[in-house]
Amino acid sequence: MIQHAFQTNQKNASAANALCEIFIRKGQHARAVKLAERAIQFADTLTMLTEGYLRAGRVSHSQGINAHAERCYAQALEGQPKNIVAAVGMAQMQMQNGDSP
């Protein structure tokens with residue numbers, strides 16, 4: 001149903017976010033990153049934008065592209081400074097880089 005909703009309207013950030021999560025869980029990172037970018041591009045709320053950045057960060061993080069993951073987590077925190085998932089992602093990046101929070 002989510003895929004059908006996205007195919008009906010490919011500018012639907014919510015559907016792109018939901019599909020992105022499915023592809024992340026399946027390990028299909030190339031598809032997931034495109035959907036995260038689509039969610040960011042067409043986000044119509046701050047929450048949707050934050051979710052897009054979180055998913056983009058998670059995909060980059062899982063692929064070892066840490067600089068991009070850190071930028072995505074930072075963007076998510078900029079929009080919603082109290083977002084726990086973004087804070088944890090950023091902390092993980094800092095630990096991997098040997099930075100202190």
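Residues numbered from 1 in each chain as written. Predicted model: local features only at pLDDT ≥ 70, side-chain atom pairs only at ≥ 80, totals over all residues. Heavy atoms only, no water.

Draft legend 1. The nonpolar core, seen in detail. Ranked by size, the top nonpolar core spans 23 residues in total, and within it F6, C20, A32, L35 and Y73 carry the most contacts. Counting only elements with at least two residues in this core, the list comes to α2 (13-26), α3 (29-42), α4 (46-62), α5 (66-79) and α6 (84-97). In this view, L35 contacts F6, A16, L19, C20 and F23; residues no more than four positions away in its chain are not counted. (Core = buried A, V, L, I, M, F, W, Y, C linked by side-chain atoms within 4.5 Å. Buried < 20%, exposed > 50% of the residue type's maximum accessible area, 1.4 Å probe, protein only. Helix = DSSP H or I, 4+ residues; strand = E, 2+ residues; numbered from the N terminus. Contact = heavy atoms within 4.5 Å.)

Draft legend 2. A look at the packing of α2 against α4. Between α2 and α4, whose axes approach to 10 Å, the crossing angle comes to 25°. Relative to α4, the element α2 lies roughly parallel. Considering how the two elements wind past one another, α2 and α4 form a crossing that is left-handed. Contact residues: A13, S14, N17, C20, E21 and I24 in α2; M48, E51, G52, R55, R58 and V59 in α4. (Axes fitted to C-alpha atoms, helices over the stretch in contact; angles between N-to-C directions. Parallel < 35°, antiparallel > 145°, perpendicular 65-115°, else oblique. Left-handed = near helix turned anticlockwise from the far one by under 90°.)

Draft legend 3. Looking closely at the pattern of salt bridges. Taken as a whole, this structure holds four salt bridges when the rule is applied. With a shortest N-O distance of 2.5 Å, E21 and R58 are connected by a salt bridge. Here R58 lies in helix α4 and E21 lies in helix α2, a separation of 37 residues in the sequence. Using a relative accessible area of 12% as the deciding quantity, one classes E21 as buried. Here R55 makes a salt bridge to E51, at a shortest N to O gap of 2.9 Å. Taken as a pair, R55 and E51 lie in helix α4 at a separation of four residues, close to a single helical turn. On the basis of relative accessibility, which here comes to 14%, the residue R55 falls in the buried class. Salt bridges sharing partners connect three or more residues here, namely E21, R25, E51, R55 and R58. (Salt bridge = Lys/Arg side-chain N within 4 Å of Asp/Glu carboxyl O.)

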